[in-house]
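Tertiary structure, described
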Amino acid sequence: MTMLLQCLSNSGRYKLGQLVIGYQTRHFSLSMKRSLLLLNHGRTRILQTVNLPKMQLIRHTGDRANTSAQKVKIRKKDMFRLISLVKSEKLVLAAAIGCLVISSAITMSVPYALGKTLDIMFDKDDNESMAKLKHFCAILCGVFVIGGLANFGRVYLFNSASLRIVRDLRSKLYRSMLNQETAWFDQKGSGELVSRLNTDAYSVGNSLSQNLSDGLRSIVMVLAGTAMMIYTSPQLTLIGTCVVPCVGGIAVIYGRYVRAITRTLLDKFADIFKSAEERLSNIKAVKTFCKESYETKNFNDLLSDAVKLGYKDALAKALFFGMTGMSGNVIIISVLYYGGTLVVNDVLSIGELTSFILYAGYSSISINGLSNFYTELNKGIGSAQRIWEILDRKYEIPLNFGIMPSEKPRGQVVFDNVKFCFPARPKNIVLDNFTLILRPGETTALVGRSGSGKTTIATLLLRLYDPLNGRIVLDDVDLRDLSPIWLRSHIGAVSQEPVLFSGTIRDNILYGHNPNIRFTESHFEDAVRKAHVYEFSSQLPDGLDTLVGQRGVLLSGGQKQRVAIARALIKNPSILILDEATSALDSVSEELVQNALDELAKGRTCLTIAHRLSTIRNANTIAVLDNGRVIEQGSYEQLITQDVSTFKELVKKQAFLMNS
């Protein structure tokens, strides 16, 4: 009997050890991921901005560092909202839960079957015992096959449902991000948003699939195991469950701590993605200033700070699993001692004691699984709260609101006493009582020193922001009353540094296509010809199907500009914004691009922003800006012939610099 109990004890410890090793392996993998991600964020946050010709490293403690340290509370509505995400998969999950109940019931029948088998083996009637044993084992084989199929169905259905839940969640989140106004993005790094799409959405999906499956399985096994323990021996059950309240209290405290630290880590992940993306996207600047070693040293220092934070998590895990493990060992010793006395006194049979010990082991493992379920559920809620912050946010400039006229705009734009500052810098007034009229079919040029508000006017015309005071009117209708989608579909923009996406030249040109306008291949060819794209694309091996690389890095500045002009031509806008489109080009490229721009501006209301004053000589109106106001206005000839004028001074200084 002693050898049998020792074997059972070793077997139970082996299975418990498997669970603990599996849990620690998963968390070791997570710790490695944390170490790789927490490369440049510790107790203080580091953001690096790289600007040629000077590289600047800025350290500051953001609001997130303060808020992340606050206690994160779990609310019932958060729990219900998290569970409500599975509504679309309720039938699949119902089938998965059915498979779970079947597989769990069969698993919990193993101790009972083993106990009966041992009692049969110890029966003295050899012939009858062998017949019973064969019959019993045959039944068990069939039952275990059903259990295997049910377990397969449980895992497959839960995980396939998780994939669809995460897909739908990411789709809603991405759509919500794209619908936010530009001011919101000014205070959010792209790395942070990618983190929410990737890490947070996966955490939510995991808490509703594999974690939910494991949690429900643990609940079923705890209930079934406890019931069978009571059925087998109420006295032993009382001894075995005396430590449960203590372990449950420890699990609650540990779960709260994990929820708080998980939110802190997720916030840091977002900052790390943002910072890492900034460095990698500006790798040329890093190499230009020979900062490879400098960046490596910063990463090493910050990684050390991150490891210190990880020590707190590791200490909490060690205390939790150490205390629960010790509690389990105390229970095993108590059950073995008291159960042995019951067997000696013929109160229990060897088979019944064996079944009880296995049920106790299964219940102990399942309770441990419940603590894991609670921990992962807290992580999922922490991630879900960050996602709901975006999904629940009301748009300042909603895309689905406003008038959508059936006809194209004539193109008369009036800026009426506009006052504006960027939401991220509320004390810095960019435009103050700014007034200007853009007439249909005419070109209006904006000139002025850097920081005078020229580019800001273009962003307001696109209604990427709304003014604080005053109004902007298009054809006698306030922009705030128009649909932003309709407005932007009739405005084309070409900036100094055009944005191209990874893909081919053709894809980037077609990106400007307005789906509400009839489009043919001849329109595409006409835009490519007018923008002088054929002149360089015909020399490339794949022509218009040539890949441009990330952000168009495989094309020169002039080539990117011409692709951007073709994209604007495809859009066929009524209003055109040219924001210093030729200022960074050489003379040959400038001539080609300027010719394309002249072609693009024909018959359209055009707002031109330029530093090279020679490029706006043919503008109908030139407005000179200073400190967010129009201080001079007129044609080129009118302004240049004035005895004293800021425009004339700017022309003289630029001519002097060019001649020198």
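Residues numbered from 1 in each chain as written. Predicted model: local features only at pLDDT ≥ 70, side-chain atom pairs only at ≥ 80, totals over all residues. Heavy atoms only, no water.

**A word on the overall build of the protein chain**
On a plain count of helices and strands, the protein chain comes out with 22 helices and 12 strands. Looking at the protein chain as a whole, 45% of its 660 residues are labelled buried. Look at the contacts in the protein chain between residues 6 or more apart in sequence, and 78% of them connect residues 24 or more apart. Accessible surface for the protein chain amounts to roughly 34300 Å². Of this, 60% is attributable to carbon and sulfur atoms. (Helix = DSSP H or I, 4+ residues; strand = E, 2+ residues; numbered from the N terminus. Buried < 20%, exposed > 50% of the residue type's maximum accessible area, 1.4 Å probe, protein only. Contact = heavy atoms within 4.5 Å. Areas by Shrake-Rupley, 256 points an atom, 1.4 Å probe, with all protein chains shown as cover.)

**Things to note about the pairing of strand E3 (residues 413-421)**
Inspection of the sheet shows E3 paired to strand E4 (residues 429-438) by 6 bridges, in the antiparallel sense. When the sheet's bridge partners are listed, valine 413 is paired in E4 with leucine 438. Note that E3 and strand E6 (residues 469-474) share 5 bridges and pair antiparallel. When the sheet's bridge partners are listed, lysine 419 is paired in E6 with asparagine 469. (Pairing = 2+ DSSP bridges.)

**Quick look at the sheet that holds E3**
Within the open sheet, the 4 strands sit side by side as E4-E3-E6-E7. Their pairing is antiparallel. The open sheet terminates on both sides in strands that have one partner only, identified here as E4 and strand E7 (477-478).

**Notes on the nonpolar core**
Ranked by internal contacts, the top residues of the largest apolar core, which has 31 residues, are Phe415 and Leu461. Counting only elements with at least two residues in this core, the list comes to E3, E4, helix H14 (454-461), E6, helix H15 (484-489), strand E9 (575-579), strand E10 (605-609) and strand E11 (621-626). The biggest single contributor to this core is E4, with 5 residues. For leucine 461, the contacting residues outside a window of four places in its chain are Val413, Phe415, Leu438, Leu479, Leu487, Ile491, Ile575, Ile577 and Leu607. Membership of the second largest hydrophobic core comes to 29 residues, among which are Val528, Leu544, Leu555 and Val593. (Core = buried A, V, L, I, M, F, W, Y, C linked by side-chain atoms within 4.5 Å.)

**Structural notes on the pairing of E11**
One face of the sheet, then the other: side chains in a regular strand alternate in exactly this way. Counting buried positions along E11 gives 5 out of 6 residues, so the element sits mostly inside the fold. Where strand E5 (residues 443-448) and E11 come together, 5 bridges link them in parallel fashion. Considered in E11, the bridge of alanine 445 is made with isoleucine 622. Relative to strand E12 (residues 629-634), E11 is paired through 5 bridges, and the arrangement is antiparallel. Opposite valine 624, over in E12, you have glutamate 632 as the bridge partner. Here E11 folds back onto E12, and the loop between the two strands holds 2 residues, one of which, asparagine 627, carries a positive phi near 55°.

**Some details on the packing of aromatic side chains**
In the structure shown here, the tally under the stated rule is 8 aromatic pairs. Ring plane angle 75° and centroid distance 5.1 Å describe the contact between phenylalanine 420 and phenylalanine 422, whose orientation is recorded as edge-to-face. For phenylalanine 420, a relative accessible area of 1% gives the class buried. Judged by its relative accessible area of 15%, phenylalanine 422 falls in the buried class. A network of ring pairs unites the aromatic residues Phe420, Phe422 and Tyr465 as a single cluster. (Phe/Tyr/Trp six-rings, centres within 6.5 Å; stacked < 30°, edge-to-face > 60°.)

**Considering the confidence of the model for the protein chain**
Mean pLDDT for the protein chain: 76, with 76% of residues reaching 70 or above. For the stretch residues 1-72, pLDDT sits under 50, and the model shows 118 contacts to residues farther than four places along the chain or on other chains. (pLDDT = per-residue confidence, 0-100.)

**A short note on the sheet that holds E11**
The mixed open sheet is built from 6 strands, whose spatial order is E8-E9-E10-E5-E11-E12. The open sheet has two edge strands with one neighbour each: strand E8 (491-495) and E12. Averaged over all pairs of adjacent strands, the angle between their axes in this sheet comes to 20°, without regard to strand direction. The strands that H14 touches are E5, E8, E9, E10 and E11; relative to E10, the one it contacts most, it runs at about 150°. (Axes fitted to C-alpha atoms, helices over the stretch in contact; angles between N-to-C directions.)

**Quick look at unusual backbone geometry**
Of note in this structure, asparagine 417 is not a glycine but carries a positive phi near 50°. Turning to its location among the elements, asparagine 417 is positioned in strand E3. The phi torsion at asparagine 627 lies on the positive side, around 55°, for a residue other than glycine. By the secondary structure assignment, asparagine 627 is in the loop between E11 and E12. Its relative accessible area of 62% is what places asparagine 627 among the exposed residues.

**As for the side chain of histidine 490**
By secondary structure assignment, the location of histidine 490 is in the loop between H15 and E8. The exposure class of histidine 490 is buried, given its relative accessible area of 10%. A distance of 3.4 Å separates the side chain of histidine 490 from the side chain of tryptophan 486, its partner in a polar contact. Non-local contacts of histidine 490, meaning those with residues more than four positions away in its chain, are made with Lys408, Pro409, Pro573, Ser574 and Ile575. (Polar contact = N/O pair within 3.5 Å; in protein donor to acceptor, adjacent residues only side chain to side chain.)

**Some thoughts on the environment of histidine 611**
Relative to the helices and strands, histidine 611 is located in the loop between E10 and E11. By relative accessible area, histidine 611 is classed as partly exposed at 29%. In this structure, the C-alpha to C-alpha distance between histidine 611 and valine 651, residues 40 residues apart in sequence, is 10.0 Å.

**With respect to a nonpolar patch on the surface**
A contiguous nonpolar surface patch, about 330 Å² in accessible area, is contributed by Val499, Phe501 and Tyr511. Among the secondary structure elements, valine 499 is positioned in the loop between E8 and helix H16 (505-510). (Patch = residues over 30% accessible without salt bridge, like charges linked within 9 Å, V, L, I, M, F, W, Y side chains within 5 Å. Salt bridge = Lys/Arg side-chain N within 4 Å of Asp/Glu carboxyl O.)

**Here's the deal with the UniProt feature "transmembrane region" (unreviewed entry) in the protein chain**
In this numbering, the UniProt entry assigns the feature "transmembrane region" (unreviewed entry) to residues 91-113, 133-157, 215-232, 238-258 and 318-339. Secondary structure across residues 215-232 divides into 100% helix and 0% strand, with the first and last C-alpha atoms of the span separated by 25 Å. (UniProt positions renumbered as here; feature names shortened; annotations may be inferred.)

**Focus: H14**
Counting buried residues along H14, 7 of its 8 residues qualify, which places the element largely inside the surrounding structure. Buried residues of H14: Lys454, Thr456, Ile457, Ala458, Thr459, Leu460 and Leu461, and no others. Positive phi shows up at arginine 463, right after H14, with a value of about 55°.

**Structural notes on the pattern of salt bridges**
A side chain of one charge can pair with a side chain of the opposite charge if their charged atoms are brought near each other. One pass over the structure, following the stated rule, counts 17 salt bridges. Across the pair aspartate 466 and arginine 463 runs a salt bridge whose closest N-O atoms are separated by 2.9 Å. Between arginine 480 and aspartate 478 there is a salt bridge, with its nearest N and O atoms 3.5 Å apart. The class of aspartate 478 is buried, set by a relative accessible area of 14%. If you follow the salt bridges from partner to partner, you end up with Arg506, Glu521 and Asp545 in one network.

**So, the packing of helix H7 (residues 190-207) against helix H13 (residues 350-391)**
Where H7 contacts H13, the two axes come as close as 8 Å, and the packing angle between them is 140°. What the angle tells us is that H7 and H13 run oblique. Classified by chirality, the crossing of H13 by H7 is left-handed. Here Leu193, Ser195, Arg196, Asp200, Ala201, Ser203, Val204, Asn206 and Ser207 of H7 lie close against H13, whose contacting residues are Glu376, Lys379, Gly380, Ser383, Ala384, Arg386, Ile387, Glu389 and Ile390. Across the contact of H7 with H13, the residue classes break down as 6 nonpolar, 6 polar and 6 charged. (Parallel < 35°, antiparallel > 145°, perpendicular 65-115°, else oblique. Left-handed = near helix turned anticlockwise from the far one by under 90°. Nonpolar A, V, L, I, M, F, W, Y, C, P; charged D, E, K, R; others polar.)

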